[in-house]
Amino acid sequence: QVQLGESGGGLVQPGGSLRLSCAASGTIFSINAMGWYRQAPGKEREFVALITGGGSTSYTDSVKGRFTISRDNAKNTVYLQMNSLKPEDTAVYYCNMKLNKNNYWGQGTQVTVSS
């Protein structure tokens, strides 16, 4: 049984920073791509960032230059460093992993950017 556990969300003022973490636990043979998605109220879930098994990264345009995705393979963990946060970044953030040839999602962590 594999589970993804997220942490790091919260309330932050505009211009502030947060770091999200997502760790996989259970019987793990291989992890390929790791990513982050988000869903704002009344909107569909959208792609935020991705890091491949080889370390290549990609981002949605609205977060380029502000967010950085990284991974620690020894800890089966993916991170999302979010800087210069804006109110429009407010959403529930979900991690995603292509793990053991299956697709897994975290439970989501709330990020609220407000003064």
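Not measured: the values here are computed from a predicted model.

Attention now moves to the pairing of strand S3 (residues 18–25). With 5 bridges connecting them, strand S1 (residues 3–7) and S3 associate as antiparallel partners. Looking across to S3, one finds that Leu4 is bridged to Ala24. The pairing of S3 with strand S8 (residues 77–82) spans 6 bridges and is classified as antiparallel. Bridging from a neighbouring strand, Ala23 pairs with Thr77 of S8.

With that settled, consider the side chain of Glu6. Summarising the element assignment, Glu6 is placed in strand S1. Despite its burial, Glu6 pairs with no opposite charge, the nearest such side chain being Arg45 at 7.8 Å. A polar side-chain atom of Glu6 sits 2.8 Å from the main-chain amide nitrogen of Cys95. Excluding anything up to four places from it in sequence, Glu6 contacts Ser21, Cys22, Trp36, Tyr93, Tyr94, Cys95, Gly106, Gln107, Gly108 and Thr109.

What counts as what
Position numbers for residues count from 1 along each chain, tracking the sequence in the order it is written. Whole-chain, interface and lining totals are the exception, using all residues; otherwise, since this is a predicted model, local features are given only for residues with pLDDT of at least 70 and side-chain atom pairs are given and counted only at 80 or more. As a convention, hydrogens and water are excluded, and side-chain values are obtained from all of the structure's heavy atoms. Whether two strands pair comes down to DSSP finding at least two bridges between them. Going along the chain from the N terminus, every DSSP run of H or I of four or more residues is numbered as a helix, and every run of E of two or more is numbered as a strand. Partly exposed describes any residue whose relative accessible area lies between the buried limit of under 20% and the exposed limit of over 50%, with all areas from a 1.4 Å probe on protein chains only and scaled to the type maximum. Note that His is not counted, nor are the chain ends; the positive residues are Lys and Arg, and the negative ones are Asp and Glu. Each salt bridge in this description consists of a side-chain nitrogen of Lys or Arg and a carboxyl oxygen of Asp or Glu lying within 4 Å of one another. Side-chain atoms alone can form a polar contact between residues adjacent in sequence; in general such a contact is a pair of N or O atoms within 3.5 Å, and within protein one must be able to donate a hydrogen while the other accepts it. Whether two residues are in contact is decided by their heavy atoms: any pair within 4.5 Å suffices.

Keep in mind these numbers describe shape, not what the thing actually does.
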